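# Coordinate inspection notes
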Amino acid sequence: MILNQQTGLTRPLKTLVKMLAVASVFATSFNVFAEPIEIKFSHVVAENTPKGQMALKFKELVEQRLPGEYKVSVFPSSQLFGDNNELAALLLNDVQFVAPSLSKFERYTKRLQVFDLPFLFNDMDAVNRFQQGEAGQTLLNSMSRKGIVGLGYLHNGMKQFSSNTPLNNPADAKGLKFRVMASDVLAAQFDAIGAMAIKKPFSEVFTLLQTRAIDGQENTWSNTYSQKFYEVQSQITESNHGVLDYMVVTSDTFWKGLPADKRKIIKEALDESIALGNKIAAEKDNEDKKLILDSKRSQLVTLSPAERQKWVEVMKPVWAKFEDQIGKDVIDAAVAANK
């Protein structure tokens, strides 16, 4: 064994040190050139909507804060999955983030049906108070046994009715066909006014309206504008009869599989993105309403207090029909948020 007088290392030990140094260089090179982990975020609306802008902001923040480690691929407008199969895709890990409307979770939990009850919330401030309160935050975890993790609520706004005939009174809707999401509550809402509820994917609504396969639909100003529904519907009744919000979710398997430090960074990025999306939603509500009315393609039907009360009286019995499924405590908490 020969001792090197300059380094003080024996030849075998010196050789080992060199080997470790080379291995370190290769490891560093591998990390530099390794492909980042892809996070797929799929949604069904246009990029210029609050949800679309939220998803793009999430991509920006994650890639900015975890450069080279994670990349977010956003697939808008049902490019990857439609609203009827995106949750199944999530559970199969074909996509890692989706933000379905709250109505879409019916098969996974009945408690979220509270958001579909007609005329439950007076305005978006009441919706926000409920969602951020104890009851609303508890609902984020209502699908944990099914492998779905709720990470936050994203606003879109209050829903309006549209059709090709003026809807001033509930009787005006009798016999008409309205597209609804796959929600038993929404179907019951239209049953209450003698209309027919047709459950169809969001991506098909424009064509259904254009071809007169259906007579009307319910949606927010943002969706009605971005999807150009107003171009094929001559009347929009400003009913504010329900809320159309989303829940951003991921799978339990994906979420728990992330390193704790990375999960924290990704959650913070999502929270900031949702806050931006909600700010945009509030701004776009009035902006898109104005753009629709300025187009002269649709005429606004404004309900008098007495007319609106007729709609409330006809539809409110739907609450009792679903009380056992949702839970009286949840409905009571939602009502209390109006005060």
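A few points on the structure. Small disclaimer: the values here were computed from a predicted structure and weren't measured. (Residues numbered from 1 in each chain as written. Predicted model: local features only at pLDDT ≥ 70, side-chain atom pairs only at ≥ 80, totals over all residues. Heavy atoms only, no water.)

### Some points on the layout of surface pockets
Where empty space is left becomes clear once a probe the size of a water molecule has been rolled over the atoms. The space that makes up the largest pocket amounts to roughly 230 Å³. The set of elements that each furnish at least two residues to the lining of the largest pocket consists of helix H4 (124-132), strand E4 (148-158) and helix H10 (260-295). Class assignment of the residues belonging to the lining of the largest pocket gives a composition of four nonpolar, six polar and two charged. (1 Å grid on protein atoms, 1.4 Å probe; cavity = no way out; pocket = protein on both sides within 12 Å on 5 of 7 lines; lining within 4 Å. Points joined across faces, edges and corners; volume = space filled by probe spheres on them. Helix = DSSP H or I, 4+ residues; strand = E, 2+ residues; numbered from the N terminus. Nonpolar A, V, L, I, M, F, W, Y, C, P; charged D, E, K, R; others polar.)

### Quick word on the packing of aromatic side chains
The final tally for this structure, using the stated rule, is 15 aromatic pairs. A centroid spacing of 5.9 Å and a plane angle of 70° characterise the contact between Phe161 and Phe190, whose relative ring orientation is edge-to-face. Of the two residues, Phe161 sits in strand E5 (residues 160-163) while Phe190 sits in helix H6 (residues 184-191), which places them 29 residues apart along the sequence. Accessibility expressed as a relative area gives 1% for Phe161, which makes it buried. The exposure class of Phe190 is buried, given its relative accessible area of 0%. (Phe/Tyr/Trp six-rings, centres within 6.5 Å; stacked < 30°, edge-to-face > 60°. Buried < 20%, exposed > 50% of the residue type's maximum accessible area, 1.4 Å probe, protein only.)

### Some remarks on the pairing of strand E7 (residues 196-199)
The sheet contact formed by strand E6 (residues 177-180) and E7 spans four bridges and is parallel. Among the inter-strand pairings, Val180 is bridged to a residue of E7, identified as Lys199. (Pairing = 2+ DSSP bridges.)

### Points about the environment of Lys104
Its place among the elements puts Lys104 in the loop between strand E3 (97-98) and H4. In this structure the side chain of Lys104 is engaged in a polar contact, spanning 3.3 Å, whose partner is the side chain of Asn84. (Polar contact = N/O pair within 3.5 Å; in protein donor to acceptor, adjacent residues only side chain to side chain.)

### Considerations on empty space enclosed by the protein
For the coordinates displayed, the defined rule picks out three cavities of 30 Å³ or more. By volume, the largest cavity is sized at about 160 Å³. Looking at the largest cavity, it is lined by 19 residues, and the ones nearest its centre are Asp83, Ser101, Met181, Phe202 and Leu244. Put simply, the parts of the chain that give the lining of the largest cavity at least two residues each are E6, strand E8 (216-219) and strand E10 (243-251). Considering only residue class, the lining of the largest cavity consists of nine nonpolar, three polar and seven charged. By volume, the second largest cavity amounts to about 40 Å³.

### So, the environment of Lys177
Structurally, Lys177 is set in strand E6. Through-space distance from the C-alpha of Lys177 to that of Ile198 is 6.6 Å; in sequence the pair is 21 residues apart. When near neighbours in sequence (up to four residues on either side) are disregarded, Lys177 contacts Met196, Ile198, Ala213, Ile214, Asp215 and Gly216. (Contact = heavy atoms within 4.5 Å.)

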